[in-house]
Amino acid sequence: MQRFEMFINGESCAPASGEWFDTENPFTDETWAQIAKGNATDVDLAVQSAHAAFSTGPWSQMSASQRGLLLHRVGDLIARDAKRLAELEVRDNGKLMAEMLGQCQYLPQWYYYFGGLADKIQGAVIPLDKKGYFNYTRNEPLGVVAAITPWNSPLLLATWKIAPALAAGCTVVIKPSEFTSASTIEFAKLFTEAGFPPGVVNVVTGFGADVGSPLVEHPLVKKITFTGADSTGRAINEAAARQFKHVSLELGGKSPNIVFEDADLEDAVNGAVSGIFAATGQTCIAGSRLLLQTSIYDTFVDKLVTLARTAKMGDPASMDTQVGPVTTRPQYQKVLSYIETATQEGATLLLGGKPGSAPECGNGWFVEPTIFGDVSNNMRIAQEEVFGPILSIIKFKDEDDAVALANDVRFGLGSGVWTKDIGRSIRVAERLQAGMVWVNSYRAVSYMSPFGGYKDSGLGRENSIDAIREYLQTKSVWINTGVKTANPFVMR
Ligand code: NAD
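Numbers given to residues run from 1 along each chain, matching the order in which its sequence is written. Totals for whole chains, interfaces and linings use all residues, but because this is a predicted model, local features are given only for residues with pLDDT of at least 70 and pairs of side-chain atoms are given and counted only at 80 or more. For side-chain calculations, the full set of non-hydrogen atoms in the structure is used, while hydrogens and water are omitted.

Describing the pattern of salt bridges
So, step 1. Basic side-chain nitrogens of Lys or Arg form a salt bridge, by our definition, when they fall within 4 Å of a carboxyl oxygen of Asp or Glu. Tallied over the entire structure, the rule returns 28 salt bridges.
So, step 2. Residue R80 is joined to E193 by a salt bridge in which the shortest nitrogen-to-oxygen separation is 2.7 Å. Residue R80 is located in helix 3 (residues 64-80), and its partner E193 is located in helix 8 (residues 182-194); the two are separated by 113 residues in the primary sequence.
So, step 3. Linking E99 and K95 is a salt bridge whose minimum nitrogen-to-oxygen distance equals 3.5 Å.
So, step 4. One salt-bridge network, held together by shared partners, links R80, D81, R84, E186, K189 and E193. Here a helix means four or more residues in a row that DSSP labels H or I, a strand means two or more in a row labelled E, and each is numbered from the N terminus.

Considerations on the packing of helix 11 (residues 265-277) against helix 12 (residues 297-309)
So, step 1. At a minimum axis separation of 10 Å, helix 11 and helix 12 run at an interaxial angle of 50°. Compared by their axis directions, helix 11 and helix 12 come out oblique. Helix 12 is crossed by helix 11, and the crossing has right-handed handedness. Along its contact with helix 11, which presents L265, E266, A268, V269, N270, A272, V273 and F277, the element helix 12 presents F300, K303, L304, L307 and A308. Every axis corresponds to a line fitted to the C-alpha atoms, with the helix fit spanning only the stretch in contact, and the corresponding angles, defined between N-to-C directions, vary from 0 to 180 degrees. Roughly parallel means an angle under 35 degrees; roughly antiparallel, over 145; roughly perpendicular, 65 to 115; everything else is oblique. If you view the pair so one helix is near and one far, a crossing is left-handed when the near helix is turned anticlockwise from the far one by less than a right angle, and right-handed when it is turned clockwise. Contacts are assigned to residue pairs that have any heavy atoms within 4.5 Å of one another.

A few points about the site of the ligand
So, step 1. Neighbouring residues of the ligand: 27 residues in total, closest T149, E178, T232, L251 and E385.
So, step 2. The Shrake-Rupley method, run with a 1.4 Å probe sphere, supplies the accessible areas, and residue values consider only the shown protein chains as cover. In isolation the ligand exposes 850 Å². Once the protein is present, 87% of that is buried.
So, step 3. Broken down by secondary-structure element, the contributors of at least two residues to the shell around the ligand are helix 9 (208-217), strand 10 (221-227) and helix 10 (230-242).
So, step 4. Considering every element that reaches the shell around the ligand, the biggest residue donor is helix 9, with three residues.
So, step 5. Its residues placed into classes, the shell around the ligand shows 13 nonpolar, ten polar and four charged.
So, step 6. Reported domain spans reflect what an automatic or database domain assignment gives. Built from parts of two domains, the shell around the ligand gets at least three residues from each of domain 1 (2-251 + 457-476) and domain 2 (256-439). Note on definitions. A residue lies near a molecule or strand when any single heavy atom of the residue is within 4 Å of it. Gly is placed with the polar residues, together with every amino acid not listed as nonpolar (Ala, Val, Leu, Ile, Met, Phe, Trp, Tyr, Cys and Pro) or charged (Asp, Glu, Lys and Arg).

A word on the sheet that holds strand 1 (residues 2-4)
So, step 1. In space, the three strands of this open sheet follow the order 1-5-4, with mixed pairing throughout. Of all the strands in the sheet, the pair left with one neighbour each is strand 1 and strand 4 (20-25). Between one strand and the next, the sheet's axes are offset by a mean angle of 35°, whatever the strand orientation.
So, step 2. Paired strands, in this sense, are two strands between which DSSP finds at least two bridges. Where strand 4 and strand 5 (residues 30-36) come together, six bridges link them in antiparallel fashion.

A look at the sheet that holds strand 15 (residues 370-373)
So, step 1. An order of 14-15-16-13-12-18-19 is seen for the seven strands of this open sheet, with the pairing classed as mixed. Every interior strand has two partners, whereas the edge strands, strand 14 (348-351) and strand 19 (438-439), have only one.
So, step 2. Against the sheet, helix 13 (residues 329-345) touches strand 15 and strand 16 (390-396), its axis set at about 20° to strand 15.

Comments concerning the domain arrangement of the protein
One frequently used descriptor of interface size is the decrease in accessible area upon assembly of the parts.
So, step 1. The assigned domain composition of the protein is domain 1 (2-251 + 457-476) and domain 2 (256-439).
So, step 2. Residue-level contacts link 23 residues of domain 1 with 32 residues of domain 2.
So, step 3. Buried area: the sum, over both parts, of the accessible surface (1.4 Å probe) that disappears when the two are put together. Summed over both partners, the interface of domain 1 with domain 2 buries about 2,200 Å², with 63% contributed by carbon and sulfur atoms.
So, step 4. Counting across the interface, domain 1 meets domain 2 through two salt bridges.
So, step 5. One salt bridge in this structure joins D230 and R410, with 2.7 Å as the shortest N-O distance.
So, step 6. The term polar contact refers here to a pair of N or O atoms within 3.5 Å; inside protein, the definition further demands a hydrogen-donor-capable atom paired with an acceptor-capable atom, and it admits residues adjacent in sequence only when both atoms are side-chain atoms. Linking domain 1 with domain 2 are ten residue pairs in polar contact (both at pLDDT 80 or more), by the criterion used here.
So, step 7. Breaking the side of domain 1 that touches domain 2 down by element, the ones donating at least two residues are helix 4 (82-93) and helix 5 (97-106).
So, step 8. Element by element, the count of residues in the side of domain 1 that touches domain 2 is highest for helix 5, at four residues.
So, step 9. Partitioning the side of domain 1 that touches domain 2 into residue classes produces ten nonpolar, six polar and seven charged.

Things to note about the environment of A163
So, step 1. Structurally, the position occupied by A163 is in helix 7 (residues 154-168).
So, step 2. Note: C-alpha distance between A163 and G68 (95 residues apart in sequence) is 9.8 Å.
So, step 3. In contact with A163, not counting residues within four places along its chain, are L71, W110, Y111 and F114.

A word on the environment of G195
So, step 1. Structurally, G195 can be placed in the loop between helix 8 and strand 9 (201-203).
So, step 2. With 126 residues separating them in the primary sequence, G195 and L69 have C-alpha atoms 9.8 Å apart.

Quick look at the pairing of strand 8 (residues 171-175)
So, step 1. With a 1.4 Å probe rolled over the protein chains alone, any residue whose accessible area is under 20% of its type maximum counts as buried; one over 50% counts as exposed, and the rest are partly exposed. Most of strand 8 is tucked away, with five of its five residues classed as buried.
So, step 2. Strand direction decides the pairing type here: strand 7 (residues 144-148) and strand 8, joined by five bridges, are parallel. By the bridge assignment for strand 8, V145 is matched with V172.
So, step 3. Following the chain from strand 7 across helix 7 to the adjacent parallel strand 8, one finds a crossover that is right-handed.
So, step 4. Pairing of strand 8 with strand 9, which is carried by three bridges, proceeds in the parallel orientation. Following the sheet pairing, V173 is matched in strand 9 by N202.
So, step 5. Crossover handedness for the path strand 8 to helix 8 to strand 9: right-handed. Here is how to tell: hold the view so the strands point away, follow the path from the first strand over the helix to the second, and if it runs clockwise the crossover is right-handed.

Here we look at helix 5
So, step 1. All of the buried residues in helix 5 are M97, M100, L101, Q103 and C104. Down the axis of helix 5, the sector holding all buried residues measures 170°, keeping them to one side.
So, step 2. Against the buried residues of helix 5 lie helix 3, helix 4, helix 6 (108-117) and helix 7. This arc is taken over the directions from the axis of the helix to the C-beta atoms.

And the structure:
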């Protein structure tokens, strides 16, 4: 059985506990590898090594341009290894090869973009109100960053954290999800190959309580950047507050995809289907609430169900598979339990609703693409994040009604607006309480554009220039240019 060790101080290393845990292939339901079971001792080793790299190692002496060059080099290595990394993710995570190849080929752009940004973060000279002083600011890296990632997109989400953190001059300890650790471990080795000094990028594998908690609590960790469930994010934020640590949180969503009667219905149907069923619904920005104007409800639902019915489930490694398995067994059970809840709540099942039973699904953890109609916004299926291939359809009367329903959830991550009326698109985009609004499109993401949530969907932003600021702190330097320092004991 293949074993994946942790990656600390530029080297693979066995866990201090001597223990390992299994990782399963969600398509075959078989254990395919073992992962090092880390604990607080491994966390301390990784954080100490990241701290040494940050404060005294060669990394701390590098210019911002040199850091940028290293980021470019690692981008090239990721491009070289895109297929190998994609295959690993497909096996460990059940993600579609068709999606992963594209994603791994796109990942280098984050390293090129933030590599380019590294030496363009400038301070300012302040036009002070006080004569006799020269005042300027510096943007300095925070220090050791703990990057904690979920199972749904390990390499992409780690990249959203690592690239800006390294560009800022920080060092990183990554804690991948216990369900999907393998790809992150292999990924980290590329940083050493690219020439990053030991300790700049480390990976500690294991469970939330054994690794995540001690990492958050470690006094040398100055910033926590987390993507995952809102309940975990809340616990991390509380723990971090006790030591005044910086925190960014990318949490869940219950994103509305709003279709007005004047929309291009063919486009909107495609956008609604890909908005929820891409990545088997396991994305934080999944358009899991479809808001339909009453006048087009029946026509739209017909077209939607007809298209969704054609989705091809099967082996995620096949390029023509469109819906893969759910990534983890607990998540598979959770998704099925939400189907039961929605049925009990009185929603009308329009499609799916069962575990995938097609022969192509084998022993995999498949759930049929499922659509519920007649959902009211106060049902659990409309308020709670399922994180699976379940779509809830809700009717609305007019623009005000649509906005009110869209905002009536505690989350605020993504949102979609389908209309040909430009004035309406601008009005609605302004009124939606969400970090991202897509008009006549859904799910577009770029390294250049800010990504993050309103309300319970999180704190801080990833991607774009905003992201690098999450890893910097400002220092204000005052220089006396000739004012005599007065005797403080002489009253004037
Ligand atoms: P999770 O919160 O259970 O786990 C995420 C990570 O946190 C894992 O690495 C886990 O081991 C670790 N962890 C668990 N307890 C911890 C603790 N006490 N201290 C520190 N670390 C701890 O989430 P998940 O089940 O892996 O991922 C699915 C969730 O992630 C969904 O709710 C989804 O909405 C959310 N998500 C959000 C985004 C986003 O960008 N907003 C992206 C992807 C996923």
